[in-house]
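# Residue-level structural notes
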Amino acid sequence: MTFQEKFNNYLKAAYPILWIQTHEERRVCNDIYKSYSEDSKVAVYEWDMLQGLIKRTAKGQASDCSGYTNIKDVIEKLTALEHSPGRAGEGHCLILLKD
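Quick summary incoming for the structure in this document.

Reading the values: the criteria
Residues numbered from 1 in each chain as written. Predicted model: local features only at pLDDT ≥ 70, side-chain atom pairs only at ≥ 80, totals over all residues. Heavy atoms only, no water. Buried < 20%, exposed > 50% of the residue type's maximum accessible area, 1.4 Å probe, protein only. Helix = DSSP H or I, 4+ residues; strand = E, 2+ residues; numbered from the N terminus. Pairing = 2+ DSSP bridges. Contact = heavy atoms within 4.5 Å. Salt bridge = Lys/Arg side-chain N within 4 Å of Asp/Glu carboxyl O.

This part takes up the pairing of strand β2 (residues 52–56). Regular strands show a simple pattern: their side chains alternate between the two faces of the sheet. The buried fraction of β2 amounts to four of the five residues, a majority that puts the element mostly inside the structure. Across five bridges, strand β1 (residues 43–48) lies against β2 in antiparallel orientation. The residue of β2 that forms the bridge with Val44 is Arg56. Linking two consecutive strands that pair antiparallel, namely β1 and β2, is a turn of three residues.

Written out as structure tokens, the structure reads:
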């Protein structure tokens, strides 16, 4: 079973948090982006210390750079995302927190 298949199974099982420890961060992120199509109801966000919080498209391209690098701003933004509707009104989002 590939990583992408395992990841999709965890999402279907509605795991609220997944911890992925890897030395191949870019490859894992690309596989996660591939799990979503353009018509997906799940918004994908990514955060790291250098770029801040950004929204990703299904192809992994940055579509909305908000630049929240301060951790307090990130927490406020994530809290707002939790209570806002998703792309199709579902309210689901995936947030990749990278180190």
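Now that the structure is up, let's keep going.
Turning our attention to helix α2 (residues 25–34). Among the residues of α2, those classed as buried are Val28, Cys29, Asp31, Ile32 and Tyr33. Of the surrounding secondary structure, the elements contacted by the buried residues of α2 are α1 (3–12), β1, β2 and β4 (93–97).

A word on the pattern of salt bridges. Following the criterion strictly, the structure yields three salt bridges and no others. Here Glu25 ties to Lys98 by a salt bridge, and the two come within 3.7 Å at their closest N and O atoms. Of this pair, Glu25 sits in helix α2 while Lys98 sits in the segment after β4; the two residues are 73 residues apart in sequence, bridging distant segments of the chain. Glu46 serves as the salt-bridge partner of Lys98, at 3.1 Å between the closest nitrogen and oxygen. Of the two residues, Lys98 sits in the segment after β4 while Glu46 sits in strand β1, which places them 52 residues apart along the sequence. Of the two residues examined, Lys98 and Glu46, each falls in the buried class.

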